[in-house]
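For reference, the chains in residue letters:
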Amino acid sequence: MMTSRTDPDSCPGVLRTHEAADGPLARIRVPGGRLAPDQVQALAAAAQDLADGNIELTSRGNVQLRQVRDAAALGERLTAAGLLPSASHERVRNIVASPLSGRVGGWTDVQALVPALDAGLRAAARLADLPGRVLFTLDDGRGDISGLHGDIGVHAVDENTYAVVLAGRDSGVRVGAAEAVDLMLAAAHGFLELRGEQWRLHEVPDGPARLTDHLLATRTGLDTTAEPLEIAAHHDIPIGWLTQADDRVALGAGVPLGSLPARTAEFLAAVERPLIVTPWRSVVLTDMDEWVAEQVVRVLAPMGLIFDANSPWLQVSACAGMPGCAKSLTDVRADVAEAVHTGRVIIEGTPQSALEGLDAGQVVAAGRQHWSGCDRRCGRPRGAVTDIIATADGYRIVPSS
Ligand code: SF4
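Residues numbered from 1 in each chain as written. Predicted model: local features only at pLDDT ≥ 70, side-chain atom pairs only at ≥ 80, totals over all residues. Heavy atoms only, no water.

Re the domain arrangement of the protein chain
Then, in step 1: Considered domain by domain, the protein chain is made up of domain 1 (240-311) and domain 2 (313-398).
Then, in step 2: One C-alpha centre belongs to domain 1, the other to domain 2, and the line joining them spans 26 Å.
Then, in step 3: Of the residues lining the interface, ten residues belong to domain 1; the matching set on domain 2 comes to ten residues.
Then, in step 4: Between domain 1 and domain 2 lies a buried interface of about 820 Å² when both sides are counted; carbon and sulfur atoms form 64% of it.
Then, in step 5: Viewed at the interface, domain 2 and domain 1 are joined by zero salt bridges.
Then, in step 6: In this assembly, domain 1 and domain 2 are joined by three residue pairs in polar contact (both at pLDDT 80 or more). (Domains from an automatic or database assignment. Contact = heavy atoms within 4.5 Å. Buried area = accessible area lost by both parts, 1.4 Å probe. Salt bridge = Lys/Arg side-chain N within 4 Å of Asp/Glu carboxyl O. Polar contact = N/O pair within 3.5 Å; in protein donor to acceptor, adjacent residues only side chain to side chain.)

Side note on helix α2 (residues 71-80)
Then, in step 1: Those residues of α2 that fall on the buried side of the exposure criterion are A73, L74, G75 and L78.
Then, in step 2: Of the surrounding secondary structure, the elements contacted by the buried residues of α2 are β2 (23-28), α1 (37-50) and β5 (63-65).
Then, in step 3: The distance from a side-chain oxygen at the start of α2 to the backbone nitrogen of A72 is 3.3 Å, and the residue carrying that oxygen is D70.
Then, in step 4: G82 sits one or two residues past α2 and shows a positive phi near 75°. (Buried < 20%, exposed > 50% of the residue type's maximum accessible area, 1.4 Å probe, protein only. Helix = DSSP H or I, 4+ residues; strand = E, 2+ residues; numbered from the N terminus.)

Details of the nonpolar core
Then, in step 1: I55, L65, L74, L268 and V296 are the most contacted members of the largest nonpolar core, which totals 45 residues.
Then, in step 2: Residue contacts for I55: discarding those within four places in its chain leaves L43, A44, A47, V63, Q64, L65, G258, S259, L260 and A265.
Then, in step 3: Core analysis: the second largest hydrophobic core is formed by 39 residues, F136, V164, F191 and L211 among them. (Core = buried A, V, L, I, M, F, W, Y, C linked by side-chain atoms within 4.5 Å.)

Regarding the environment of N94
Then, in step 1: In this fold, N94 is placed in the loop between α2 and β6 (95-97).
Then, in step 2: The buried category is assigned to N94, whose relative accessible area is 1%.
Then, in step 3: Between the C-alpha atom of N94 and that of L183, which follows or precedes it by 89 residues, the distance is 16 Å.
Then, in step 4: Not counting chain neighbours up to four residues away, the residues in contact with N94 comprise R29, R60, N62, G132, V134, L135 and F136.
Then, in step 5: Among the polar contacts made by the side chain of N94, one reaches the side chain of R29 at a distance of 3.0 Å.

Things to note about a negative patch on the surface
Then, in step 1: A surface patch of negative charge is lined by D247, D289, E290 and E294.
Then, in step 2: You can see E290 is positioned in helix α7 (residues 290-300).
Then, in step 3: With a relative accessible area of 47%, E290 lands in the partly exposed category. (Patch = residues over 30% accessible without salt bridge, like charges linked within 9 Å, V, L, I, M, F, W, Y side chains within 5 Å. Areas by Shrake-Rupley, 256 points an atom, 1.4 Å probe, with all protein chains shown as cover. Lys, Arg positive; Asp, Glu negative; His and termini not counted. Charge placed at Lys NZ, Arg CZ, Asp CG, Glu CD.)

Thoughts on unusual backbone geometry
Then, in step 1: At the junction of M322 and P323, the peptide bond is cis and its omega measures out at 10° in the coordinates.
Then, in step 2: Relative to the helices and strands, P323 is located in the loop between β17 (316-318) and α8 (332-341).
Then, in step 3: Here the phi dihedral of Q67 falls at roughly 55°; this positive angle occurs in a residue that is not glycine.
Then, in step 4: Although it is not a glycine, E272 sits at a positive phi angle of roughly 60°.
Then, in step 5: Among the secondary structure elements, E272 is positioned in the loop between α6 (262-270) and β15 (275-277).
Then, in step 6: The exposure class of E272 is exposed, given its relative accessible area of 59%.

Digging into the sheet that holds strand β23 (residues 394-398)
Then, in step 1: Taken in spatial order, the five strands make up an open sheet running β17-β21-β22-β23-β19, and their pairing is mixed. Of all the strands in the sheet, just β17 and β19 (355-358) have a single pairing partner and so form its edges. Between one strand axis and the next, the sheet turns through 20° on average, direction left out of account.
Then, in step 2: Running at roughly 145° to strand β21 (residues 369-372), α8 makes contact with β17, β21 and β23 of the sheet. (Pairing = 2+ DSSP bridges. Axes fitted to C-alpha atoms, helices over the stretch in contact; angles between N-to-C directions.)

Structure (structure tokens):
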């Protein structure tokens, strides 16, 4: 369905917070999900001192703080930590990249492209006009990121070549590794020319085809192919012990409902290794030797981080719900936590049949499931997901189709 935008883009940032039902919410862009240890520590301290004590991980690998008490002080702290490098461009730095890239698997290291893409976005004054919803994707060929249906992306097809992905589909255009960042920036400029009032490329009539034509007309040396890649949504969260190409260890850790307590984040920072926030509400702590990785699991598993790929927590996601959202009919996060703790989230099983009018304690569902406090289903992941939706008459279960 084509949407016509009449209201302004209201994506929150740090300098413009969102008035949630439980107070101001600040969203902090983390290009590529890449955080240095001192940045993790700065976020933990800010969550503790200026917000509700938790760092929320978003479905774009960004982070947000709720109940912010002093946005100006938050802005100063984040600027000092290098997490707010541009006032004008803060909300356009939406870049997701294959989290394990350069360390485990993949054709090439797309994480290495993130700083150049981020710098290129910030260097172009006009690109500050991009809607805050525009998403840039960098997939190293394993297929974990292109399926997120970003607006402008590249997807490695071999060590030196990328497919150009527009609105989540292969455009057929191929570009060499050295030109990939420039081409994405050119596509961002092209989108601004085409977009009219729309926020996302897929909302623009024939947007991907018109943007492809624009790129082919304005840039030389682009190759096209008749065999587009099939791009699908993956649910392949990196969890547990991962041996890197350099024989060091990365640890993938699920964060229940994407809410990372500041105290846990302080422990992650204390390991003094780079941390990557994934778009699946998990983190990857990288570049450890085995002894350090063993200590991390020993300390952080009891604090609630998930290192077991078979945990039911990895099957569930939930919207903000009550009290963060005024539209919510219930405290959906408390309900889903109770479902996990009482064994009603089943990892594998017969898909749930459609039911309605259920009390929270009656909901039992197998496989991936998203719980929502109302019919809008905010934050619902892509792909086959059972919806569990609060209504005025109790929960309704809508099986994945
Ligand atoms: S799904 Fe409904 S209740 Fe949940 S965050 Fe969105 S609007 Fe609020």
